[in-house]
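Chain residues, written in single-letter form:
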Amino acid sequence: MNDLNSNELEKSDSMTGVIYKELRDRICTRYYEKGRILKESDIADEFNVSRTPVREAFQRLKMDELVESRKKLGTTVLGLDADIISEMYAVRIALLDFISSESDVPFNEKHIAVMNELLKRINTMHKEKKLNEYWPVNDMLHENLCSVVQNRYLRSLSTKLYMQTARSWAFFLPRNWDFSCDILRREVEQERDLMLVGDRVGVFCALKSFTILSKAKCELIEAEYLKEKALN
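Residues numbered from 1 in each chain as written. Predicted model: local features only at pLDDT ≥ 70, side-chain atom pairs only at ≥ 80, totals over all residues. Heavy atoms only, no water.

A. Inspection of the pattern of salt bridges at higher detail. For the structure shown, the criterion picks out 15 salt bridges. One salt bridge connects Arg55 with Glu40, and the closest N-O pair in it is separated by 3.2 Å. Highlighted residues: Arg55 in helix 3 (residues 51-63) and Glu40 in helix 2 (residues 40-47), separated in sequence by 15 residues. For the salt bridge of Arg70 with Glu68, the shortest nitrogen-to-oxygen distance reads 2.7 Å. Classification of Arg70 by relative accessible area gives partly exposed; the value is 40%. Looking at Glu68, the relative accessible area reads 28%, which means it is partly exposed. (Salt bridge = Lys/Arg side-chain N within 4 Å of Asp/Glu carboxyl O. Helix = DSSP H or I, 4+ residues; strand = E, 2+ residues; numbered from the N terminus. Buried < 20%, exposed > 50% of the residue type's maximum accessible area, 1.4 Å probe, protein only.)

Have a look at this one:
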């Protein structure tokens, strides 16, 4: 394989990752709502690429069960009902017990530095009410915590469930902004402090506790939303 072809493949792989992450974020924040049709040509034009990396990004989104392909329609964003989200939360919570003891790889100074940076971002987004920062901050937190998970399949499954359940945040963020920021700040502080004393299991126990809290809050807000919708 000549250098030109090799460079082209590397660029294509890189753009696939960029496009995948951007589309994934748009779906998880519900910028792309259920039923939204994603056209290869439109995405390719937006990112100024050929259709190949777009098609590859779509395949990764299908594996995450965020989109599906429909004949004559194309690639469509999937939705989740409250029951499915609740079930996914339950699996996420159960997985955390295994993840905590899956290996003995410790958190290090780099992980702690990320947590300190996250606290700064949380304080800024809370004060300035930057709702669009909530997802990137949580995504950064998730990646930081999962980086010590050695089992690739387990890490992939955990991330997939995280992305699916994160889509429920769009319901409660606007009306529960202060609460959401306070809880996220407490979570990061607690997990950071446990990292400082080398308690890997404790970090994931804390994550489990806050995931249970998030599940309960999502279910409550979802119920309130459906009640309001029925009354209107």
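The discussion continues.
B. Local environment of the pairing of strand 2 (residues 67-70). As defined by bridge partners, strand 2 adjoins strand 3 (residues 74-77) across four bridges and the pair is classed as antiparallel. The partner of Glu68 across the bridge, within strand 3, is Thr76. Counted between consecutive antiparallel strands, the loop separating strand 2 from strand 3 contains three residues, among which Lys72 sits at a positive phi close to 70°. (Pairing = 2+ DSSP bridges.)

C. Looking closely at the environment of Met163. Tracing the backbone through its elements, the reader meets Met163 in helix 7 (residues 152-166). Judged by its relative accessible area of 2%, Met163 is buried. Expressed as a C-alpha distance, the spacing of Met163 and Asp139, which sit 24 residues apart in the sequence, is 8.7 Å. Sequence-distant contacts of Met163, defined by excluding residues within four places in its chain, comprise Tyr20, Arg24, Cys28, Asp64 and Trp135. (Contact = heavy atoms within 4.5 Å.)

D. Geometry of the packing of helix 5 (residues 109-128) against helix 6 (residues 134-146). In the contact formed by helix 5 and helix 6, the axes pass within 10 Å of each other and the chain directions differ by 165°. When the axes of helix 5 and helix 6 are compared, the pair comes out roughly antiparallel. Seen along the crossing, helix 5 lies across helix 6 with a hand that is left-handed. Within the contact between the two elements, helix 5 uses His111, Val114, Met115, Glu117, Leu118, Arg121, Ile122 and Met125 and helix 6 uses Tyr134, Pro136, Val137, Met140, Leu141, Asn144 and Leu145. By residue class, the composition of the contact of helix 5 with helix 6 is 11 nonpolar, two polar and two charged. (Axes fitted to C-alpha atoms, helices over the stretch in contact; angles between N-to-C directions. Parallel < 35°, antiparallel > 145°, perpendicular 65-115°, else oblique. Left-handed = near helix turned anticlockwise from the far one by under 90°. Nonpolar A, V, L, I, M, F, W, Y, C, P; charged D, E, K, R; others polar.)

In short, the description is geometric, and any link to function would need to be established separately.
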